[in-house]
Amino acid sequence: MKLIGVTGKSGAGKTTFSNYLKENSKDIEVIHIDDLLRDIKLKYFKFLMKKDKNGEKTKVDSKLKNYIYKTKPIFFMFSKFRAKLIEPTLNRRLRELQGKRIVIIDDIFIKYHKIYKDFKQIYLVERTYVNRRKSLQQRDEITKEEIVAYDMAHFTGNYKEIKDDKRIIKIQNNSDEKSLREKAREVYLENMLSEREKMLRENKVIKLEKVRVASKKQTPKIKEAEFLR
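In this report, we go over the structure that sits alongside the text. On a predicted model such as this, the values are computed, not experimentally measured, just so you know.

Calculation criteria
Every chain is numbered independently, its residues counted from 1 as its sequence is written. Note on the predicted model: pLDDT of at least 70 is required for a residue's local features to be given, and 80 or more for side-chain atom pairs to be given and counted; whole-chain, interface and lining totals, by contrast, use all residues. Computation of side-chain values covers all heavy atoms of the structure but excludes hydrogens and water. Ring pairs are drawn from Phe, Tyr and Trp, using the six-membered ring of Trp, whenever the two centres fall within 6.5 Å, and their geometry is named by plane angle: stacked under 30 degrees, edge-to-face over 60, tilted for the rest. Secondary structure elements follow DSSP: runs of H or I of four or more residues count as helices, runs of E of two or more count as strands, with numbering from the N terminus. Here's how the labels work: a residue is buried when its accessible area is under 20% of the maximum for its type, exposed when over 50%, partly exposed in between, all with a 1.4 Å probe on protein chains only. Sitting over a ring, as applied to charges here, requires NZ of Lys or CZ of Arg to be within 6 Å of the ring centre and within 35 degrees of the ring normal. Like charges within 9 Å and nonpolar side chains (Val, Leu, Ile, Met, Phe, Trp, Tyr) within 5 Å are joined into patches, using only residues over 30% in relative accessible area that form no salt bridge. Areas reported as accessible are Shrake-Rupley estimates using a 1.4 Å probe. Residue values count occlusion only from the protein chains shown. One side-chain nitrogen of Lys or Arg within 4 Å of one carboxyl oxygen of Asp or Glu is enough to make a salt bridge. Asp and Glu count as negative and Lys and Arg as positive, but His and the ends of the chain are not part of the count. We put the charge of a Lys on NZ, of an Arg on CZ, of an Asp on CG and of a Glu on CD. Working definition: the arc comes from the directions between the helix axis and the C-beta atoms, pointing outward to the latter. Residue contacts follow a heavy-atom distance rule, with two residues in contact if any of their heavy atoms lie within 4.5 Å. For two strands to pair, DSSP has to find at least two bridges joining them. Fitted lines through C-alpha atoms give the axes, limited to the stretch in contact for helices. The angle between two N-to-C directions lies from 0 to 180 degrees. Roughly parallel refers to an angle under 35 degrees, roughly antiparallel to one over 145, roughly perpendicular to one between 65 and 115, and oblique to any angle outside these ranges. Here a crossing is called left-handed whenever its near helix is offset anticlockwise from the far helix by less than a right angle, and right-handed whenever the offset is clockwise. Polar contact is the term for a pair of N or O atoms within 3.5 Å; when the atoms are in protein, one must be able to donate a hydrogen and the other to accept it, and sequence-neighboring residues count only if both atoms are side-chain atoms.

## Here's the deal with the packing of aromatic side chains
Inspection of every chain in the model, using the stated rule, returns 11 aromatic pairs. Geometrically, the ring pair formed by Phe75 and Phe78 is tilted, given 6.4 Å between the ring centres and 40 degrees between the ring planes. Of the two residues, Phe75 and Phe78 both sit in helix H4 (residues 72-96), 3 residues apart, roughly one turn of that helix. The exposure class assigned to Phe78 is partly exposed, which follows from its relative accessible area of 25%. The structure contains a cluster of three or more aromatic residues connected by ring pairs, namely Tyr69, Phe75, Phe76, Phe78, Phe109, Tyr112 and Tyr159. Seen from the ring of Tyr116, Arg167 lies directly overhead, with NZ or CZ sitting 4.8 Å from the centre.

As structure tokens, this is what we get:
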């Protein structure tokens, strides 16, 4: 099994990009850490969460999140604790997906996970603040204060990607779904094809080239025949 990481700030398009990668093959599966975390929060930390517009407790209070993310020692302990808390559920999910050729894991704080060292590639999805804000407000109906809280760890420098990690490949999200899907397709073709798929693709390219060459050779004859008419 090949493990691929996808990361980026809130609203950057991690989930969308991961899902676009999955579209390319039945042998690809995606694990969204937010989905695993949501169940854990509801189970153990419901008392810290506030109600949404439907009256359900689904969000952590932005003031609490802001304090945790901007206070370096607390953020570091929180991140380690968060990864440790998710680890059993994540490992169980990975065991369930043993038959898959590629498993993509996306998360905002991906480097704190124990499996970070096992990623073959890590895609860092980037997007402008304005576009991220619009996306979060439309998708999650969150306030500007909540967006500031989401970004606080990056803004203060408490969370940084590992600069010298050569596995990290930047993906620019210009808020164009078609463009992002095409980038995901390019990434798949360049880095994720199986040997069988590579052979089939090479054979297809060779056949197309033969057809193109044959077509070029026939073109003058067709023109000559038309001229004789």
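## Thoughts on a negative patch on the surface
Side chains of Asp176, Glu177, Glu182, Glu186 and Glu190 sit close together on the surface and give a patch of like negative charge. Following the sequence through the fold, Asp176 ends up in the loop between strand E7 (168-172) and helix H7 (177-191). Among the residues examined, Asp176 registers a relative accessible area of 38% and is labelled partly exposed.

## Let's talk about helix H1 (residues 14-22)
Those residues of H1 lying buried are Lys14, Phe17, Ser18, Tyr20 and Leu21. The buried residues of H1 occupy an angular sector of 160 degrees when the element is viewed end-on, so they sit on one face. In this fold, the buried residues of H1 make contact with strand E1 (2-7), strand E2 (28-32), strand E5 (102-106), strand E6 (119-126), E7 and H7.

## So, a nonpolar patch on the surface
Where nonpolar side chains cluster on the molecular surface, the patch consists of Tyr129, Val130 and Val148 and spans about 240 Å² of accessible area. By the secondary structure assignment, Val148 is in helix H6 (residues 144-155). For Val148, a relative accessible area of 41% puts it in the partly exposed group.

## A closer look at the environment of Leu37
One can find Leu37 in helix H2 (residues 33-44). For Leu37, a relative accessible area of 14% corresponds to the buried category. Remark: the alpha-carbon pair of Leu37 and Ile86, spanning 49 residues in sequence, is separated by 6.7 Å. Residues in contact with Leu37, not counting those within four places in the same chain, are Arg82 and Ile86.

## A word on the pairing of E1
Of all 6 residues in E1, 5 are buried; the element is thus mostly enclosed. Examined bridge by bridge, E1 and E5 share 5 bridges and lie parallel to one another. Opposite Ile4, over in E5, you have Ile104 as the bridge partner. Sheet topology places E1 next to E6; 5 bridges connect them, and they run parallel. Counterpart to Thr7 in the pairing with E6 is Leu124.

## What about the packing of H1 against H7?
Relative orientation of the contacting elements H1 and H7 amounts to 55 degrees, with a least axis distance of 9 Å. In terms of axis orientation, H1 runs oblique to H7. Pair H1 / H7 crosses with right-handed handedness. Across the interface between the two elements, Thr16, Phe17, Tyr20 and Leu21 of H1 pack against Glu177, Leu180, Arg181, Lys183, Ala184, Val187 and Tyr188 of H7.

## Details of the sheet that holds E7
Adjacent strands of a sheet pair through backbone hydrogen bonds, lying either parallel or antiparallel. With parallel pairing, 5 strands are arranged side by side in an open sheet as E2-E5-E1-E6-E7. The open sheet has two edge strands, E2 and E7, and neither has a second partner. Each adjacent strand pair in this sheet contributes to an overall mean axis angle of 25 degrees, direction not counted. Strand contacts of H1: E1, E2, E5, E6 and E7, with the helix running at about 165 degrees to E2, the strand carrying the most contacts. This element, H4, spans E1, E2 and E5 of the sheet and lies at about 170 degrees to E2.

## Brief notes about the side chain of Arg167
Tracing the backbone shows Arg167 in the loop between H6 and E7. A polar contact of 2.7 Å, which involves the side chain of Arg167, links it to the side chain of Asp165. When sequence neighbours within four positions are dropped, the list of residues in contact with Arg167 reads Tyr116, Lys117, Asp118, Phe119, Lys120, Gln121 and Ile122.

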